[in-house]
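A closer look at the structure
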Amino acid sequence: MIISLRPKSLPFFRFLIPNLKWVSTISQDPDPQHHLRLFFNATTKTNHNNLDYQFSLVSALKSCSSLLAISQGQQIHCLVFKSGLDSNTFILNSLINVYTKCRLIGDARLLFDSCPKLDPVSCNIMVAGYVKIGQLENARQLFEIMPGKSCISYTTMIMGLAQNDCWYEAVEVFKDMRSAGVIPNEVTLASVLSACAHLGGIWNCRMLHGLVIKLQLEGLVLISTNLLHMYGLCSSVSEARRLFEEMPERNIVSWNVMLNGYSKAGLVDMARELFEKIPLKDVVSWGTMIDCYVQVEWLAEALTMYRAMLCTGLGPNDVMIVDLISACGQSMALGEGQQFHSITVRTGFDCYDFIQATIIHFYAACGRMTLACLQFELGIKDHLASWNALIAGFVRNDMIDEARRIFNEIPERDVFSWSAMISGYTQSEQPNMALELFHGMVACGIQPNEITMVSVFSAIATLGTLKEGKWAHEYICNNSIPLNDNLSAAIIDMYAKCGSINTALRVFYQTREKASTVSPWNAIICGLAMHGHANLSLKIFSDLQSRHIKLNSITFIGVLSACCHSGLVELGKRYFKIMKNVYNIEPNIKHYGCMVDLLGRAGQLKEADDLIRGMPMKTDIVIWGTLLAACRTHGNVEIGERAAESLASLEPSHGAGRVLLSNIYADAGRWEDAFSVRRAMQIQRMKKSPGCSGVV
């Protein structure tokens, strides 16, 4: 933001004299010492009350503020004081500007308080100074009392709030600006668009777009590019492309923003088509296209694109290297990842803490914890991110004791250290340890984040302790922990598994409209199915189908379970088909298990047997056990024998399967066969595990 330190009308420009020519050429020479020498030379020959001298003071101070030359600025301050010009408003504002730009806000405030009355320009300078050093509360207080708020005043406050992640407050100040009748400029709208982009909401984007058109600012590339970015974040790629086509001027940032919109939406073909049209591709263009391939797990195409970039003479930046090493970790491409590791060493990127942490993550993802530990030992121990990466690596490889050892040795723990360890205990089915560590974290004064709380609710759901779950939910509300989709889903899942399905429903209805992913929907659909509320579960699924939310495999596990509990065989068959045909989701073994259970409960054992034998993956004992139990229920000896035989081939010591087969024979009156099965169990010393309950 540029704050003018001169009055709008300067009728005395005609008094400027040749020996002060340096004032007008000050920006051409960045040496403030040179300017200061010229200024002092001029002052020996100039009357201090001369307007030319006063203008030279303002220009010199402006130079000091732009070059952060505080020493020279303080010397000029002394001259101002000696000359008796400290009451001159323009000179005083210039001095305040020097101190704020040099982050000496206390000195600036002393000068500001010496003003006989509040001046809008000095208020603007002080608000900008407070914003620059992050003192938003002081900026707010001064902003509230300052007279004659202009576009610059509002813009400064909005920019400060937006830059400090206070997006809602930034939008509120913008609303006040509009109510006051102050017309925003392009800088104002750029900041508001940035704030609204983080808040989300396609209607906010469209309303701001309308305001831009009304103010005739749509031709400015800064505004149009920010609108593009906002449409992209709102997943409205079609509207973004329409705006992009209408832009009278595009720069490389505009192209990259549009490309990023396609990338985040997973529209690979459209992204590639746009990428080929970019006139002068920079490293961000290449990096965005590479990331697009990484997002859809097309590692080979990403590597091909990387090699093509190298042929143009461009080299990778740190963001691209992190992206590619992470992709190699996800694909367990050890050789390719090691090549990028060597690139980080050659380019010097390996000294960055986040690069070092990424390399540790990569080796851990490939199951090479020895190499991950070696990288940690070779790296800089001051990097907390590396400690956290090593803990997460041990957790990922089910080495919980090693993870705890590193956690105990870590010099200083942050929220990620605690979260990784709590997640490890939850994943290793040690929920009591997870909750004990969580309470220790809170006692240490570390504020948990959304990731921490997801693991905490998962641990509580495993234990089924509703009282603990309610306390954790209240803790989130009292400590203003942001409620993202994963955390909402974890809370819903916790209440469902703790037996409070009505509370789970209430949480779902409170968060449904804000959800942008399928996670909260999955949690309530599966929870309702588990509690036997099949009709409501399927009703919510129908509502989900009408929304622009991408479904996943977990969604259909809940739906098929609901159909199973309510005996809706034909509907279950239809949902099983549309998984692949409509939503392009390949059924996994759990979906086949749901279908076998559904068909088995309905007595359609032949169809269930055919479905199992046509599965594209190897069956497990759960599926054969489900079919065997259904054969017992419906008295089908023939299919039951085949199921028991298949079950025995997978797990010869599976006693429960033998008991079921014996009962099938007994129900059919084939007592000799029943005794034969029991006798074989005794000879092989097989036992059926006794039933147990987790309910206390």
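Residues numbered from 1 in each chain as written. Predicted model: local features only at pLDDT ≥ 70, side-chain atom pairs only at ≥ 80, totals over all residues. Heavy atoms only, no water.

1. A word on the side chain of Gln 375
With respect to the helices, strands and loops of the structure, Gln 375 is situated in helix 21 (residues 369-378). Exposure remark for Gln 375: the relative accessible area of 9% places this residue in the buried category. Here His 341 takes part through its side chain, which lies 3.2 Å from a polar atom of the side chain of Gln 375. Apart from residues no more than four positions distant in its own chain, Gln 375 is found in contact with His 341, Gln 356, Ile 359 and Ile 360. (Helix = DSSP H or I, 4+ residues; strand = E, 2+ residues; numbered from the N terminus. Buried < 20%, exposed > 50% of the residue type's maximum accessible area, 1.4 Å probe, protein only. Polar contact = N/O pair within 3.5 Å; in protein donor to acceptor, adjacent residues only side chain to side chain. Contact = heavy atoms within 4.5 Å.)

2. Looking at helix 4 (residues 89-101)
Along an α-helix, residues three or four apart share an orientation, since each turn contains 3.6 residues. Over its 13 residues, helix 4 extends 18 Å from the first C-alpha to the last, a length consistent with the 18 Å expected when each residue adds 1.5 Å. Of all the 13 residues making up helix 4, 10 are buried; the element is thus mostly covered by neighbouring parts of the structure. Within the sequence span of helix 4, burial applies to Ile 91, Leu 92, Asn 93, Ser 94, Leu 95, Ile 96, Asn 97, Val 98, Tyr 99 and Thr 100. Just downstream of helix 4, Arg 103 is the residue with a positive phi angle, here 65°. (Expected span 1.5 Å × (residues − 1).)

3. Points about helix 30 (residues 519-530)
Taking 1.5 Å of rise per residue, the 12 residues of helix 30 would be expected to cover 16 Å, and the 16 Å separating its terminal C-alpha atoms lies within 8% of that figure. Among the 12 residues that make up helix 30, 9 are buried, leaving the element largely enclosed by the rest of the structure. Turning to helix 30, its buried residues are Pro 520, Trp 521, Asn 522, Ala 523, Ile 524, Ile 525, Gly 527, Leu 528 and Ala 529. On the buried face of helix 30, the contacting elements are helix 28 (485-497), helix 29 (501-511), helix 31 (534-545) and helix 32 (553-566). One or two steps after helix 30, the chain reaches Gly 532, where phi turns positive at roughly 85°.

4. Looking at the packing of aromatic side chains
The tally for this structure, following the rule as stated, stands at 19 aromatic pairs. With 5.2 Å between their ring centres and 85° between their planes, Phe 541 and Tyr 575 make a pair best called edge-to-face. One end of the pair, Phe 541, is in helix 31; the other, Tyr 575, is in helix 33 (residues 569-581), with 34 residues separating them in the sequence. Relative accessible area serves as the criterion here: at 0%, Phe 541 is assigned to the buried category. Here the aromatic cluster, defined as three or more aromatic residues joined through ring pairs, consists of Phe 541, Phe 556, Tyr 575 and Tyr 583. Directly above the aromatic system of Phe 143 lies the positively charged group of Lys 149, at a separation of 5.2 Å from the ring centroid. Its guanidinium or amino end placed over the ring of Phe 407, Arg 413 lies 4.2 Å from that ring's centre, counting from NZ or CZ. (Phe/Tyr/Trp six-rings, centres within 6.5 Å; stacked < 30°, edge-to-face > 60°. Lys NZ or Arg CZ within 6 Å of the ring centre and 35° of its normal.)

5. Looking at the packing of helix 9 (residues 167-179) against helix 10 (residues 186-199)
Look at helix 9 against helix 10: their axes get within 9 Å of each other, and the N-to-C directions meet at 135°. By the criterion of interaxial angle, the relationship of helix 9 to helix 10 is oblique. Of the two elements, helix 9 crosses helix 10, and the hand of that crossing is left-handed. Each of Trp 167, Tyr 168, Ala 170, Val 171, Phe 174 and Met 177 in helix 9 lies in contact with helix 10, whose residues at this interface are Thr 188, Leu 189, Val 192, Ala 195, Cys 196, His 198 and Leu 199. (Axes fitted to C-alpha atoms, helices over the stretch in contact; angles between N-to-C directions. Parallel < 35°, antiparallel > 145°, perpendicular 65-115°, else oblique. Left-handed = near helix turned anticlockwise from the far one by under 90°.)

6. Observations regarding the confidence of the model for the protein chain
Across the protein chain, the average pLDDT comes to 85, with 90% of residues at or above 70. Scored below 50 in pLDDT, residues 1-29 shows 46 contacts in the model against residues more than four places distant or in partner chains. Contacts of residues 692-696 to residues separated by more than four positions or lying in other chains number 0 contacts, the stretch itself having pLDDT below 50. (pLDDT = per-residue confidence, 0-100.)

7. Here we look at the pattern of salt bridges
Applying the stated criterion across every chain yields a total of 24 salt bridges. Between Glu 273 and Lys 277 there is a salt bridge, with the nearest N and O atoms lying 3.7 Å from each other. Of this pair, Glu 273 and Lys 277 both sit in helix 15 (residues 268-277), 4 residues apart, which is roughly one turn of that helix. A cluster of three or more residues bridged by salt bridges with shared partners is formed by Arg 512, Glu 513, Asp 543 and Arg 547. (Salt bridge = Lys/Arg side-chain N within 4 Å of Asp/Glu carboxyl O.)

8. Description of the side chain of Ser 224
On the secondary structure map, Ser 224 appears in helix 12 (residues 221-233). Since its relative accessible area comes to 3%, Ser 224 is described here as buried. Discounting chain neighbours no more than four positions away, the residues touching Ser 224 are Glu 218, Leu 243 and Met 247.

9. A closer look at the state of the cysteines
Scanning all chains against the criterion turns up 0 disulfides. Sulfur of Cys 477: no disulfide; nearest cysteine sulfur belongs to Cys 498 and is 16 Å away. Left without a disulfide partner, Cys 498 is nearest to the cysteine sulfur of Cys 526, which lies 16 Å away. (Disulfide = S-S within 2.5 Å.)

10. Here's the deal with unusual backbone geometry
Not every positive phi belongs to a glycine, and Asp 398 is a case in point at roughly 60°. Along the polypeptide, Asp 398 turns up in the loop between helix 22 (384-396) and helix 23 (400-409). Of note in the backbone geometry, Glu 429 takes a positive phi value of approximately 60° without being a glycine. Within the secondary structure, Glu 429 sits in the loop between helix 24 (415-427) and helix 25 (431-443). Residue Glu 429 is classed as exposed on the basis of its relative accessible area, which comes to 70%.

11. What to know about the nonpolar core
Counting 217 residues, the largest nonpolar core has Phe 340, Met 453, Phe 457, Ile 524 and Leu 627 as the members making the most contacts within it. With 8 residues, the top contributor of residues to this core is helix 28. (Core = buried A, V, L, I, M, F, W, Y, C linked by side-chain atoms within 4.5 Å.)

12. Some words on the packing of helix 12 against helix 14 (residues 252-264)
A pair of packed helices is characterised by two quantities: the angle between their axes and the separation of those axes. Between helix 12 and helix 14, the shortest axis-to-axis distance is 9 Å and the interhelical angle comes to 10°. The orientation of helix 12 with respect to helix 14, classified from their angle, is roughly parallel. Here helix 12 contributes Val 221, Thr 225, Leu 228 and His 229 to the contact with helix 14, which in turn contributes Val 253, Ser 254, Val 257 and Met 258. Among the residues making up the contact of helix 12 with helix 14, the classes are represented as 5 nonpolar, 3 polar and no charged. (Nonpolar A, V, L, I, M, F, W, Y, C, P; charged D, E, K, R; others polar.)

13. Some remarks on the environment of Glu 586
Within the secondary structure layout, Glu 586 lies in the loop between helix 33 and helix 34 (589-601). Placed 214 residues apart in sequence, Glu 586 and Ala 372 show a C-alpha to C-alpha distance of 34 Å. When residues no more than four places from it in sequence are discounted, the contact partners of Glu 586 are Met 579 and Lys 580. A polar contact is formed between the side chain of Glu 586 and the side chain of Lys 580, at a distance of 2.4 Å.

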